[in-house]
Amino acid sequence: MNARHRKTRLLTFNIAHGRGLSLYQGFHKSPRILRNLDRIATLIRATGADIVALQEVDQSSHWNKHIDLLSYLREATDYGWTYMSVHNRREGKRPLAYGNGLLAQHPIEDAETQAFGRAPLGEKGFHYAEV
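So, a few notes on the structure that sits alongside this text. Nothing here was measured: the structure is a model prediction, and the numbers come from that model.

**Points about the environment of Q25**
- With respect to the helices and strands, Q25 occurs in the loop between β1 (10-14) and α1 (30-47).
- Taking the C-alpha atoms as reference points, Q25 and A115, 90 residues apart in sequence, are found 22 Å from one another.
- The contacts of Q25, once residues within four sequence positions are left out, are H17, R19 and W63.

Structure below.
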């Protein structure tokens, strides 16, 4: 196939903070979360997607033992570029930092994050990226 006619494969995936099918991610210990992330990585690799857009991705949250989910998935899938857009953040005794993530097989030229509201926690949001 001619390089200029190559298809781009896009996968979107709500990874639910790495919790799998349970109702709350805080009920799991690190090994269970890592096992779920390994299953997600297997699925991502199997799709051969060029770009993977992820929702409910923790950067560092108490409820999943501060595992950086996007970094883990990048290493487990060998994607060369990532972008993390945190639009929920809480400091203190039970810190949270989560939002959307992007894995790409090609360079991310530009990216930005936008929350829909101004509250530090509970906001939905999106990110824009040029790949």
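Okay, back to it.
**Quick word on the sheet that holds strand β4 (residues 96-104)**
- The strand order across the open sheet formed by four strands is β1-β2-β4-β3, and the pairing between neighbours is mixed. Edge positions in the sheet fall to β1 and β3 (81-90), since each of these pairs with one other strand and no more. Across this sheet, the average inter-strand angle for adjacent strands is 15°, counted without regard to direction.
- The pairing of strand β2 (residues 51-58) with β4 spans six bridges and is classified as antiparallel. What sits directly across from V57, in β4, is G99.
- On top of the sheet, α1 reaches β1, β2 and β4; it is set at about 165° to β1, its chief contact.

**Some words on the packing of α1 against helix α2 (residues 69-77)**
- The geometry of α1 relative to α2 is characterised by a closest axis approach of 9 Å and an angle of 50° between their N-to-C directions. One way to sum up the angle between α1 and α2 is to call them oblique. Regarding α1 and α2, the two cross each other, and that crossing is right-handed. Residues I33, L34, L37, D38, I40, A41, I44 and R45 of α1 form the contact with α2, whose own contacting residues are L69, Y72, L73, A76 and T77.
- For the contact of α1 with α2, a count of residues per class yields 10 nonpolar, one polar and two charged.

**Digging into the pattern of salt bridges**
- A full pass over the atoms with the stated rule returns two salt bridges.
- For R19, the salt bridge identified is with E56, shortest N-O distance 4.0 Å. Placement of the pair is R19 in the loop between β1 and α1 and E56 in strand β2, with a sequence separation of 37 residues.
- On the basis of relative accessible area, R19 is assigned to the buried category, the value being 16%.
- For E75, the salt bridge is made with R74, and the minimal N-O distance between the two is 3.6 Å.
- In this structure R74 comes out as partly exposed when scored by relative accessible area, which is 31%.

**Some words on a nonpolar patch on the surface**
- Taken together, the side chains of F116, F126 and Y128 present a nonpolar region at the surface, about 340 Å² in accessible area.
- Mapped onto the fold, F116 is located in the loop between β5 (110-115) and β6 (125-130).
- Given the relative accessible area of 58%, F116 is considered exposed.

**With respect to the side chain of N64**
- When you line up the elements, N64 lands in the loop between β2 and α2.
- Once you skip the residues sitting within four places of it in the chain, N64 turns out to touch H17, I33, D58 and L69.

**A word on the nonpolar core**
- Counting 19 residues, the largest nonpolar core has I15, V52, L54, L73 and L103 as the members making the most contacts within it.
- Within the residue set of this core, elements represented by two or more residues are β1, α1, β2 and α2.
- Per-element tally for this core: the top contributor is α1, with five residues.
- Ignoring any residue separated from it by four or fewer positions in sequence, one finds L54 in contact with F13, I15, L70, L73, N100, G101 and L103.
- One finds I51, A53, Y83 and I108 within the second-largest nonpolar core, a separate group that totals six residues.

Criteria and thresholds
Numbers given to residues run from 1 along each chain, matching the order in which its sequence is written. It should be noted that, the model being predicted, local features are given only for residues of pLDDT at least 70 and side-chain atom pairs only at 80 or more, the latter also being counted only at that level, while totals for whole chains, interfaces and linings use all residues. Processing note: side-chain calculations cover all non-hydrogen atoms of the structure and skip hydrogens and water entirely. Numbered from the N terminus, helices here are DSSP runs of H or I no shorter than four residues, and strands are runs of E no shorter than two. Only heavy atoms matter for contacts: two residues are in contact if any of them lie within 4.5 Å across the pair. Note on pairing: DSSP must find at least two bridges between two strands before they are called paired. Interaxial angle, 0 to 180 degrees, is taken between N-to-C directions of lines fitted to C-alpha atoms, where a helix line uses only the stretch in contact. Our angle categories are set so that under 35 degrees counts as roughly parallel, over 145 as roughly antiparallel, 65 to 115 as roughly perpendicular, and the remainder as oblique. Crossing handedness is defined as follows: a turn of the near helix away from the far one that is anticlockwise and smaller than a right angle gives a left-handed crossing, while the clockwise case is right-handed. Gly counts as polar in this scheme, as do all residues outside two lists: the nonpolar Ala, Val, Leu, Ile, Met, Phe, Trp, Tyr, Cys and Pro, and the charged Asp, Glu, Lys and Arg. Here, a salt bridge means any Lys or Arg side-chain nitrogen found within 4 Å of an Asp or Glu carboxyl oxygen. Between buried and exposed lies partly exposed: a residue is buried under 20% and exposed over 50% of the maximum accessible area for its type, with that area taken using a 1.4 Å probe on protein chains only. Patch criteria: residues need more than 30% relative accessible area and no salt bridge. Like-charged residues are merged within 9 Å; nonpolar side chains of Val, Leu, Ile, Met, Phe, Trp and Tyr are merged within 5 Å. To be clear on the numbers: accessible area is Shrake-Rupley with a 1.4 Å probe, and residue cover counts the displayed protein chains and nothing else. Put simply, buried Ala, Val, Leu, Ile, Met, Phe, Trp, Tyr and Cys residues joined by side-chain atoms within 4.5 Å make one nonpolar core.

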